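Report on the structure
Below are the chains, spelled out letter by letter.
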Amino acid sequence: MTIPFLDLSAAYHELKTEIDTAVNRVLESGWYVLGPEVEIFETEWAAFCEADHAVGLGNGLDALVLALRALEVLPGDEVIVPSNTYIATWLAVSAVGATPVPVEPDPATQNIDPGRIAAAITSRTKALLPVHLYGQPADLDPILELARDKEIAVIEDAAQAHGARYKGRRIGAHGDVVCWSFYPGKNLGGFGDGGAVTTNRADLADRIRMLRNYGSREKYVNEVKGVNSRLDPIQAAVLRAKLPHLDSWTERRREIAAAYGQGLADSGLILPQEPNWAEPVWHLYVVRSPARGALQARLKTAGVGTLIHYPVPPHMQDAYAELGIPAESLPLARQLAGEVLSLPIGPQLRLDEAHKVIQAVFKITE
Ligand SMILES: *Cc1c(COP(=O)(O)O)cnc(C)c1O
């Protein structure tokens, strides 16, 4: 590929000295599980997210699972999830024995449509789980208001939204608890798995801290059946080295998104929209085309790497056959899965490369 979808080693090469120093600091320290590196990262991450607390975890899926456990979502309960999301959002709900109840997106934002949530709430609904998909904040205010009315919790899946703002304030503590992934391809990613929650609720932070460590606050005293899901100190050190650069990386993503928005305005593709209450961080730049297959094939011929996020919605996966949700009952999720295509975007993509992508699209649509 002349222009790969995303070059994961580019961030390492940009910050090689800082990252090598950070990793070596952990290796020399003799402290390889939890400890000061994780604690300092938690403080820095909470501050970045404008939240009171952060707890470092093993990965983003665990962040969602432990958030649900901390809120005592139990077997038989229901959790409202977007029909259009990465399957991890649903898997977390299933992992605690609860049932994911899908709600269709607003086609303009591709995020959960707040206007459709009320109809999906039942007496068993324990939580609302909006996702800030592609780095675009979901419309939180109506969701938070509904949750207050019904006295249910809001858990945000922010695995794609590091640094995004909703009505001027960072994603990080609008809902009860906000879940993060530091998977390598995320806007802030380690060199391996990692995750976290942020929250303004001390009770939830405290409970998740206990759950991540075998259900133990004090060594050999186990209050509940917890898990082992702790952010690795080497990953924490890498994340600390990268965090000061995150805002400038987001700025570059914004420039690329703006270039795509201008350059592709007359391409016939459906482009992502930016609602005036949102400052997205462009984890992905996702266009839509009914002729997606041909577009992707010919971009590939032009040397442009693209990916599909996501080709099969969760309700149409074998894993969720048990729910018996007919494919056509969630037509928007199904349609989006057939039309979306993610163009190259990332902090190390140059603007001249973005312009080459635009030229390649026009060669195709001519
Ligand atoms: C990446 C991702 C997750 C899961 O994070 P992992 O760290 O890979 O477990 C969950 N939800 C969404 C929307 C994601 O993009």
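Worth saying up front: this structure is predicted, and the values here are computed from it rather than measured.

Calculation notes
Residues numbered from 1 in each chain as written. Predicted model: local features only at pLDDT ≥ 70, side-chain atom pairs only at ≥ 80, totals over all residues. Heavy atoms only, no water. Domains from an automatic or database assignment. Contact = heavy atoms within 4.5 Å. Buried area = accessible area lost by both parts, 1.4 Å probe. Salt bridge = Lys/Arg side-chain N within 4 Å of Asp/Glu carboxyl O. Helix = DSSP H or I, 4+ residues; strand = E, 2+ residues; numbered from the N terminus. Nonpolar A, V, L, I, M, F, W, Y, C, P; charged D, E, K, R; others polar. Pairing = 2+ DSSP bridges. Axes fitted to C-alpha atoms, helices over the stretch in contact; angles between N-to-C directions. Core = buried A, V, L, I, M, F, W, Y, C linked by side-chain atoms within 4.5 Å. Buried < 20%, exposed > 50% of the residue type's maximum accessible area, 1.4 Å probe, protein only. Phe/Tyr/Trp six-rings, centres within 6.5 Å; stacked < 30°, edge-to-face > 60°.

Some remarks on the domain arrangement of the protein
The assigned domain composition of the protein is domain 1 (8-244) and domain 2 (246-365). Between domain 1 and domain 2, the C-alpha centre-to-centre distance is 24 Å. Opposite the 48 residues of domain 1 that make contact, domain 2 presents 34 residues. Overall, the association of domain 1 and domain 2 removes approximately 3,500 Å² of surface from exposure, summing both partners, and the carbon and sulfur fraction of that is 61%. Where domain 1 packs against domain 2, one counts 2 salt bridges. Linking Arg 165 and Glu 279 is a salt bridge whose minimum nitrogen-to-oxygen distance equals 3.9 Å. If you list the elements that add at least two residues to the side of domain 1 that touches domain 2, you get α1 (9-14), α3 (36-48), α5 (88-95), β3 (99-103) and β6 (165-166). Tallied by class, the residues present in the side of domain 1 that touches domain 2 amount to 24 nonpolar, 15 polar and 9 charged.

What about the sheet that holds strand β1 (residues 53-57)?
The strand order across the open sheet formed by 7 strands is β1-β9-β8-β5-β4-β2-β3, and the pairing between neighbours is mixed. Strands with a single pairing partner mark the edges of an open sheet, and in this sheet they are β1 and β3. Geometrically, the sheet is characterised by an average inter-axis angle of 30 degrees between neighbouring strands, direction not taken into account. As defined by bridge partners, strand β5 (residues 153-157) adjoins strand β8 (residues 177-181) across 3 bridges and the pair is classed as parallel. Directly across from Ile 155, in β8, lies its bridge partner Val 177. Packing against the sheet, α3 makes contact with β1, β8 and β9 (195-199), and its axis sits at approximately 130 degrees to β1.

Considerations on the nonpolar core
Judged by nonpolar contacts, the single largest core of 52 residues is most densely connected at Phe 41, Trp 45, Ile 80, Ile 117, Leu 128 and Trp 180. Going through the elements one at a time, α2 (16-29), α3, β3, α6 (140-150), β8, α8 (233-242) and α9 (246-263) are the ones with two or more residues in this core. When residues are assigned to domains, this core turns out to be shared by domain 1 (8-244) and domain 2 (246-365), each giving three or more. Residues contacting Trp 45, with those up to four places away along its chain left out, are Ala 54, His 162, Trp 180, Phe 182, Leu 188, Ala 196, Thr 198, Leu 243 and Leu 246. With 31 residues, the next largest nonpolar core counts Ala 67, Val 197, Leu 204 and Leu 211 among its residues.

Some details on the sheet that holds β6
Strand order across the open sheet formed by 3 strands is β7-β6-β12, with antiparallel pairing between neighbours. Looking along the sheet, the strands with just one partner apiece sit at the ends: β7 (169-170) and β12 (278-279).

Regarding the side chain of Glu 339
Tracing the sequence through the fold places Glu 339 in helix α11 (residues 331-339). Judged by relative accessible area, which is 12%, Glu 339 ranks as buried. Once residues lying within four places of it in the same chain are set aside, the contact partners of Glu 339 are Val 287, Arg 288, Ser 289, Pro 290 and Arg 292.

Some remarks on the side chain of Asn 111
Within the fold, Asn 111 resides in the loop between β3 and β4 (125-128). Exposure remark for Asn 111: the relative accessible area of 2% places this residue in the buried category. Those residues in contact with Asn 111, other than ones at most four positions away along the chain, are Pro 105, Asp 106, Val 131, His 132, Leu 133, Gln 136, Pro 137 and Ala 138.

Thoughts on the packing of aromatic side chains
Across all of its chains, the model carries 11 aromatic pairs by this definition. Relative to Trp 45, the ring of Phe 41 has its centre 6.1 Å away and its plane inclined at 15 degrees; by these criteria the two rings are stacked. Placement of both Phe 41 and Trp 45 in helix α3 is noted, with a separation of 4 residues, approximately one turn of the helix. Taking the relative accessible area as the measure of exposure, Phe 41 reaches 1% and is therefore buried. A ring pair is formed by Tyr 260 and Tyr 285, whose centres lie 5.0 Å apart and whose planes are at 55 degrees; its orientation type is tilted. Within this pair, whereas Tyr 260 is found in helix α9, its partner Tyr 285 is found in strand β13 (residues 285-288), the two being separated by 25 residues in sequence. We classify Tyr 260 as buried; its relative accessible area is 0%. By relative accessible area, Tyr 285 is classed as buried at 1%.

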